[in-house]
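Here is how the chains run, residue by residue.
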Amino acid sequence: MMNSPALKKTILLGAICIITFLCFRYTVNNQFTNWDDDFYVTNDPYIKAFTPHNLKVIFTEDITKNNYHPLCMLSLAINYHFSQMDPHAYYLTNILIHVANVMLVFFLMMALCALLQMDEKGKLFVASFAALFFGIHPMHVESVAWIAERKDVLYAFFYILGLLCYLKYLATNKMSWYWLTFIVFIASCLSKPMAVVFPMSLLCIDILAKRQLSKKLVTEKILFFLFSLICGGMAFYTQNKTGAIASFGILTIYERIMYAGYSFIMYVSKLFNPTYLSTFYPYPYRFVTGYLPGIYYAAPFLALTIAGLPVWITYQYKREYFRPVAFGMGFFVANVIFILQFISVGAAIMADRYSYVAYIGLLFLLGYFINELIRNFPKLKIAVFAVLICVAGWFSYMCYERTFAWHDSESLLSDAIEKYPVKKDPDMPHDSKNSGVALLSYKWRGNLYFSRGELNKALSDYNVMVMLRSADAKTFDKIGNIYFMRKQYDSAIIAYTQSLEVQNNVMKTYADRSMAYMTVGDTVNAFKDFIIAYQMDPQSLDAFSESVFNAVQKQQYDLAINEYNMLLKVISSNPFYYFYRGVAKFGKGETEAAIIDWEIAVKYNSKDVQQSASYNLAVAYEAKGDYKKAVDYILMAKRTGYAVTDEYMATLQKKLAESKK
């Protein structure tokens with residue numbers, strides 16, 4: 001029968017897990033987004049079948065084009081196997097992994113407190129406090145409520161499990177636990193490269209466990225650090241290859257230090273005050289003088305004070321608290337050190353998801369000192385618990401509300417834009433919170449509106465990018481497409497030209513501009529752009545042919561004729577080009593010109609063309625009164641398989657007979 005302490009522990013942990021699940025329950029109603037979910041699920045062919053080839057690609061290639069995390073992709077493939085494109089199961093899996101992580105955090109805290117020889121009440125309080133706030137913290141919504149961040153909750157699962165295995169190794173000194181720690185560490189790295197800091201977390205545990213610096217302590221970490229270097233190098237190479245890492249010349253050394261310090265402060269401050277959360281945190285605008293808001297200049301010194309002062313004070317004056325402080329702060333620093341934008345990755349200065357594992361250190365520290373407060377001042381116990389219950393309720397509510405921001409693409413992108421909108425005067429920030437613009441959110445939301453055919457909304461978002469001189473080649477190309485669809489062809493040409501000024505090796509943009517030139521009658525420039533597009537990729541001919549065919553279908557005959565003229569200059573032996581140019585000419589009433597094209601087309605060895613061209617020739621010659629040729633061509637049409645009616649055949653033959661009288 002379960003004893004009382006074990007029962008209490010089970011009840012507390014069960015309650016924490018239920019509360020966590022309830023905070024995230026709305027997430028199962030969310031949809032796939034256009035923010036990386038397309039790379040991970042909706043447009044990823046490799047997760048959609050468990051074939052040897054797909055599994056090989058998942059484990060040997062960077063299929064998302066931003067990082068190598070095969071276990072994450074494998075988990076998504078398992079989701080797809082059971083639920084295909086139903087997003088509910090993907091989100092439910094994220095929530096369940098998060099709940100599992102809450103349980104692991106609970107057991108991790110119990111084990112860490114055991115190293116400090118705390119009593120059972122103290123261990124249970126710290127474990128419950130850390131697990132609860134880890135589970136319900138609003139900063140963790142991004143990791144759970146975003147399908148593409150499956151990698152975050154999954155790497156954390158193996159990461160925390162690895163820490164527990166290491167603690168077991170320290171307790172038993174059995175090498176089997178050491179090797180299990182290493183295996184789980186590898187699994188964490190294969191889920192997300194952020195796990196490369198795992199060896200630093202082990203060193204933090206060594207400090208808490210009061211391990212002396214020794215040859216054994218160093219040598220047992222060598223394997224971990226070597227694997228970290230390999231994974232870290234791969235991650236840097238992948239991010240750099242995809243252009244996610246900014247050139248070192250863009251920011252000065254001190255700017256990098258300022259931004260890193262600011263990020264550090266924000267991660268710490270949002271642990272206590274998780275308000276004004278955003279799916280995107282932009283870099284700040286400068287004042288017209290060129291200076292940044294004052295907080296950025298003070299940030300490095302504040303960050304050093306926050307990280308170093310507690311460690312120094314406890315080492316100098318309160319040595320009994322040094323180990324928990326060194327562990328808690330060291331664990332936090334170790335797990336944020338590489339995402340503080342010393343090396344600028346992406347366009348955001350920070351992200352909620354990066355706090356997921358890092359907050360474990362600070363939550364341990366808070367839980368430990370709150371427990372110390374209660375232990376040393378028992379009369380404050382009721383007041384402390386009352387405050388904690390209120391804070392937990394507040395955090396739970398904010399966590400639940402935050403999940404709504406991730407409902408779909410529009411909601412999450414609009415959330416960032418609402419927090420960081422474009423300013424009428426970009427040289428002056430709105431206030432101390434809002435000194436940047438969520439540029440990428442404008443771009444992605446514009447792409448969303450464009451895909452849905454909401455062209456006015458898309459153009460409005462794209463124009464923000466243009467106004468702030470942040471539009472890339474694809475954005476300008478989409479602006480050109482919008483103007484083209486609006487039949488504002490001169491504006492379309494300008495936008496396509498701007499796109500090519502940014503990136504002049506894009507076949508699609510040359511093809512698009514060629515179409516625009518042709519539409520306004522500039523056949524010379526249209527042909528130049530068409531040739532460039534064709535030289536870049538001969539397959540562009542197929543897309544261009546489809547576009548011209550659509551022009552015929554829309555009865556845009558002049559445009560179609562000019563475009564077929566251009567196509568025939570490149571490939572003069574394509575019978576379809578002659579046939580459809582003839583259709584366009586016939587549609588304009590130019591029967592003689594149409595007949596010439598169809599008679600050329602009918603001579604080619606193409607059954608489809610011969611059928612249609614011979615029938616059209618029969619109709620055209622009938623209209624001219626040349627019934628002899630009309631009958632000849634209708635017979636050809638019938639021989640080649642065209643469904644000629646007996647009535648029409650009889651009518652032509654009758655007209656031919658009458659013409660001979």
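Residues numbered from 1 in each chain as written. Predicted model: local features only at pLDDT ≥ 70, side-chain atom pairs only at ≥ 80, totals over all residues. Heavy atoms only, no water.

## Digging into the packing of helix α5 (residues 87–115) against helix α15 (residues 355–376)
Let me state the cut-off plainly: Angles run from 0 to 180 degrees between N-to-C directions of axes, and those axes are lines fitted to C-alpha atoms, restricted for helices to the stretch in contact. Think of it this way: any DSSP run of H or I at least four residues long counts as a helix, any run of E at least two long counts as a strand, and we number them from the N terminus. Handedness of each helix crossing follows the sense of rotation of the near helix against the far helix: counterclockwise by less than a right angle gives left-handed, clockwise gives right-handed. Note on contacts: a residue pair is in contact if any heavy atoms of the two residues lie within 4.5 Å. Put simply, Ala, Val, Leu, Ile, Met, Phe, Trp, Tyr, Cys and Pro go in the nonpolar bin, Asp, Glu, Lys and Arg in the charged bin, and everything else, Gly too, in the polar bin.
At a closest axis distance of 12 Å, the pairing of α5 and α15 adopts a crossing angle of 35 degrees. Read as a crossing pair, α5 and α15 show a hand that is right-handed. Contacts from His98, Asn101, Val105, Leu108, Met109, Leu112 and Cys113 of α5 reach α15 at Tyr356, Ile360 and Phe364. Residue classes in the contact of α5 with α15 are distributed as eight nonpolar, two polar and no charged.

## Here's the deal with the side chain of Glu372
Quick note on the threshold: The definition of a polar contact used here is a pair of N or O atoms within 3.5 Å, where within protein one atom must be able to donate a hydrogen and the other to accept one, and adjacent residues in sequence count solely through side-chain atom pairs.
Positionally, Glu372 belongs in helix α15. Only 2.9 Å separates the side chain of Glu372 from the side chain of Tyr321, close enough to count as a polar contact.

## Here's the deal with the nonpolar core
For clarity, the cut-off: The definition of a nonpolar core used throughout is a set of buried Ala, Val, Leu, Ile, Met, Phe, Trp, Tyr and Cys residues joined through side-chain atoms within 4.5 Å. Only protein chains enter the accessibility calculation, which uses a 1.4 Å probe; a residue is then buried when its area is under 20% of its type maximum, exposed when over 50%, and partly exposed in between.
Within the largest apolar cluster, 143 residues are counted, with the highest numbers of intra-cluster contacts made by Leu76, Met109, Leu112, Tyr159, Phe332, Ile360 and Phe364. In this view, Tyr159 contacts Ser188, Ala195, Val197, Phe198, Ser201, Phe331, Asn335 and Val357; residues no more than four positions away in its chain are not counted. In terms of nonpolar packing, the next biggest core, distinct from the first, is built from 64 residues, Tyr496, Met566, Leu568 and Ala613 among them.

## Quick notes on the environment of Lys554
You can see Lys554 is positioned in the loop between α24 (540–553) and α25 (557–570). Residues Lys554 and Ala383, spaced 171 residues apart in sequence, show a C-alpha to C-alpha distance of 76 Å.

## Some thoughts on the packing of helix α26 (residues 575–587) against helix α27 (residues 591–601)
Our working definition: Each angle receives one of four descriptions, namely roughly parallel if under 35 degrees, roughly antiparallel if over 145, roughly perpendicular if within 65 to 115, and oblique otherwise.
Orientation of α26 relative to α27, taken along the N-to-C sense of each, is 165 degrees, at an axis distance of 8 Å. The angle between α26 and α27 places the two elements in the roughly antiparallel class. Where α26 crosses over α27, the handedness of that crossing is left-handed. On the side of α26, the interface is formed by Pro575, Tyr578, Phe579, Arg581, Gly582, Val583, Lys585 and Phe586, while α27 contributes Thr591, Ala593, Ala594, Asp597, Trp598, Ile600 and Ala601. Here the residues of the contact of α26 with α27 sort into 10 nonpolar, two polar and three charged.

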